[in-house]
Amino acid sequence: MLGICRGRRKFLAASLTILFVPAITWIYLFSGSFEDGKPVSLSPPESQPHSPRYTASSQRERESLEVRVREVEEENRVLRKQLSLAQSRGPAQRHGNRSKTYSMEEGTGDSESLRAGIVAGNSSECGQQPAVEKCETIHVAIVCAGYNASRDVVTLVKSVLFHRRNPLHFHLIADAIAKQILATLFQTWMVPAVRIDFYDADELKSEVSWIPNKHYSGIYGLMKLVLTKTLPSNLERVIVLDTDITFATDIAELWAVFHKFKGQQVLGLVENQSDWYLGNLWKNHRPWPALGRGYNTGVILLLLDKLRKMKWEQMWRLTAERELMSMLSTSLADQDIFNAVIKQNPFLVYQLPCFWNVQLSDHTRSEQCYRDVSDLKLQKQLSELDEDDLCYEFRRERFTVHRTHLYFLHYEYEPASDSTDVTLVAQLSMDRLQMLEAICKHWEGPISLALYLSDAEAQQFLRYAQGSEVLMSRHNVGYHIVYKEGQFYPVNLLRNVAMKHISTPYMFLSDIDFLPMYGLYEYLRKSVIQLDLANTKKALIVPAFETLRYRLSFPKSKAELLSMLDMGTLFTFRYHVWTKGHAPTNFAKWRTATTPYRVEWEADFEPYVVVRKDCPEYDRRFVGFGWNKVAHIMELDAQEYEFTVLPNAYMIHMPHAPSFDITKFRSNKQYRICLKTLKEEFQQDMSRHYGFAALKYLTAENNS
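Residues numbered from 1 in each chain as written. Predicted model: local features only at pLDDT ≥ 70, side-chain atom pairs only at ≥ 80, totals over all residues. Heavy atoms only, no water.

Asker: What exactly am I supposed to notice about the sheet that holds strand β14 (residues 514-516) here?
Answerer: By way of backbone hydrogen bonds, the strands of a sheet pair with one another, either parallel or antiparallel. Across the sheet, four strands lie side by side as β14-β21-β16-β17; this open sheet has mixed pairing. Of all the strands in the sheet, just β14 and β17 (571-572) have a single pairing partner and so form its edges. With three bridges connecting them, β14 and strand β21 (residues 651-653) associate as antiparallel partners. Bridge pairing links P516 to M651 in β21. (Pairing = 2+ DSSP bridges. Helix = DSSP H or I, 4+ residues; strand = E, 2+ residues; numbered from the N terminus.)

Asker: Would you mind going over the packing of aromatic side chains with me for this structure?
Answerer: A complete count under the given rule lists 20 aromatic pairs for this structure. Centroid distance W443 to F508: 5.9 Å. Interplanar angle 35 degrees. Geometry classified as tilted. In this pair, W443 is assigned in the loop between α14 (435-442) and β11 (447-453) and F508 in strand β13 (residues 506-509), connecting sequence segments 65 residues apart. For W443, a relative accessible area of 0% corresponds to the buried category. Overall, the relative accessible area of 1% leaves F508 in the buried class. What links up through ring pairs into an aromatic cluster is the set W255, F258, F261 and Y350. Note that R403 overlies the ring of Y483, its terminal NZ or CZ placed 3.9 Å from the centroid. One residue, K558, lies across the ring of W590, its end atom 4.3 Å from the ring centre. (Phe/Tyr/Trp six-rings, centres within 6.5 Å; stacked < 30°, edge-to-face > 60°. Buried < 20%, exposed > 50% of the residue type's maximum accessible area, 1.4 Å probe, protein only. Lys NZ or Arg CZ within 6 Å of the ring centre and 35° of its normal.)

Asker: Would you explain the nonpolar core in this entry?
Answerer: Side chains that are nonpolar tend, in soluble globular proteins, to be buried together. By size, the foremost hydrophobic cluster in this structure holds 107 residues, and its most contacted members are L449, F461, Y479 and F508. With seven residues, helix α23 (residues 669-690) is the single largest residue contributor to this core. Here F461 is in contact with F408, L409, M430, L433, L436, L451, L453, Y479 and I481, once residues within four sequence places are set aside. I142, W189, V240 and I251 belong to the second largest nonpolar core, which has 87 residues in total. (Core = buried A, V, L, I, M, F, W, Y, C linked by side-chain atoms within 4.5 Å. Contact = heavy atoms within 4.5 Å.)

Asker: How should the environment of Y411 be read in this particular structure?
Answerer: Relative to the assigned elements, Y411 resides in the loop between β9 (404-405) and β10 (422-429). Separated by 65 residues in sequence, Y411 and N476 place their C-alpha atoms 5.8 Å apart. If near-sequence neighbours (up to four positions away) are discounted, Y411 is found in contact with P446, H475, N476, V477, G478 and S503. Among the polar contacts listed, one links the side chain of Y411 to the side chain of S503, at a separation of 3.2 Å. (Polar contact = N/O pair within 3.5 Å; in protein donor to acceptor, adjacent residues only side chain to side chain.)

Asker: So what exactly am I meant to see when it comes to the pairing of strand β6 (residues 267-271) here?
Answerer: Strand residues, when the strand is regular, have side chains that alternate between the two faces of the sheet. Taking burial as the measure, the five residues of β6 include four buried ones, the bulk of the element. Sheet analysis places β6 next to strand β7 (residues 295-303), joined by four bridges and oriented antiparallel. Bridging across to β7, V270 finds its partner in N296. Taken together, the four bridges between β6 and strand β8 (residues 349-352) define a ladder with parallel strand orientation. Counterpart to L269 in the pairing with β8 is Q351.

Asker: Just checking my understanding: could you explain the confidence of the model for the chain for this structure?
Answerer: Note: predicted coordinates in regions of low pLDDT should not be interpreted at a detailed level. Per-residue pLDDT for the chain averages 79, and the proportion of residues at 70 or more is 75%. The element-level mean pLDDT for the chain is lowest in helix α3 (residues 111-115), coming to 29, with β13 highest at 98. Confidence drops under a pLDDT of 50 for residues 85-127, and excluding neighbours within four residues, the segment shows 112 contacts in the predicted structure. Contacts for the low-pLDDT stretch residues 370-375, under 50 throughout, to residues beyond four places or in other chains number two contacts. (pLDDT = per-residue confidence, 0-100.)

Written as structure tokens, this is what we have:
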């Protein structure tokens, strides 16, 4: 408390100076000037018309005293200004401990760096000052390990600094990497009224290493449990934060909540906003015990002095040992153990309002924290679904809104003036990223890609793209990030996103694991003119082949491809597992064809086609594997598109490991049942929409 007390002494001294100087001055002035031991009155001459003492000399003395009064007032003004500056820079409170301390009380800091990456928001109680002393230090504890966490914690600290008015003391439980990074960062940052203490995370590992933990944070995700033992014994209270938190208000408002604790309340937590602890996320889901929805430990208020008196260390250890006998490991690290303790001792918790920890992860109900932000249409659609339906999750996916970041990288392309330009459209996830460079080498025209990624994967993709000469040399590729949400791969949503954001009149609807033949882009542009695609409803089919070899000498002509077919190096696509998908292309006729030829739709037909950009979207009810392209081709046929096979075009599917979705389709009977149900519902919708002409789809299905 040395620093803060010294600051208060300065405040008191300055205050006394301001009060004392004018008091003495005016006593002196109003008691007169002692000339020859006699007082000189300061009354104006009109009030003393007969006074013999009122002379020219006394007039000069009076004027001199008035000048002195003005000087004293000016000195007081300067003192008040200095005091105000001193208060605004209030020194940080010091806490003695065994760790390395870095003071940032000196220096002005970089104002721009405080504003980068900030999520700004209004105070939860606009216009009200937090009930915290202006010079009171706010203590914040953060567990931070590794390079990524070090990056995240900077954003957190910036958001706190942006709004704060109080001195701050950060207690960082860090490994060697994070300590090296952050020690240098804070030393060179020089933000005033901020103190940093480091605590060696490696020394704490033995305290929690006995707990089996499946959480991605590893052993560091358990270290909040030992903060009562780790932090200085004279530290009474602390705010504990995850590194991925961003503040939108003054942290002093959260610090003031400690005053609301009553009785034996020692933990301030926000209710968990996901269904995790309700145990209904999937079949046989068995979470740790929790009180109702449980509590999220991303933000915690710890009343350390009371926790120590309650023997917190013994309490959580006994609880963890008991639960691990049946649970075997934690899934959510410290959060599971905190909740198990609270389940047995609910009186320990002061429940914070949800806006103190708005959780933006999967399966959360964070929208309940925002009364004015709720998608009523979406809620109505979801409420109409039957949650007891075995295919509920499939149906729900159709209404899921995915956060989408269009043009994640620089995009710059002007379509050709002859209105024949074609964009290749595809979608992919992280495990198909390696196909991008090859496709760019095979297709020189514009490309529109929808990438299904997590936030972390988006950053990995960014680094991958920036490190690729092939990708960085192409400005006509639009990368659109669709962020992960839910348990299915939303293949048709991704296709729709990529389709919607093209700048050419035509598009080639492909898949990321196909390489188009060299020169296909120019060939398709000529075919668009030849077949009058601008004025007719045509879908131009690019015949699909496949190889089982990871290393392939790609055929440079149709003649070379036919030779490879005869030699068994290439095959017609899915000939051995799903012949119906491409059988109507009539590969036997294609071998000798020199002009485009028309084919008729058949059940399960799913060719890769070139169409106008105004063609129907893909149906979103189909997710993951199965029927996603089949339904789209069926709708094109229902809208009387003519299917025309291009005689000199081809594409080749490259081998890769099976996707997670096709594995689910093959191994999960319920998955296949639901897909069949969705197919039947789609066909019924087609019949209602297109009338008698659509009955052939039901007939074809029954005959297949």
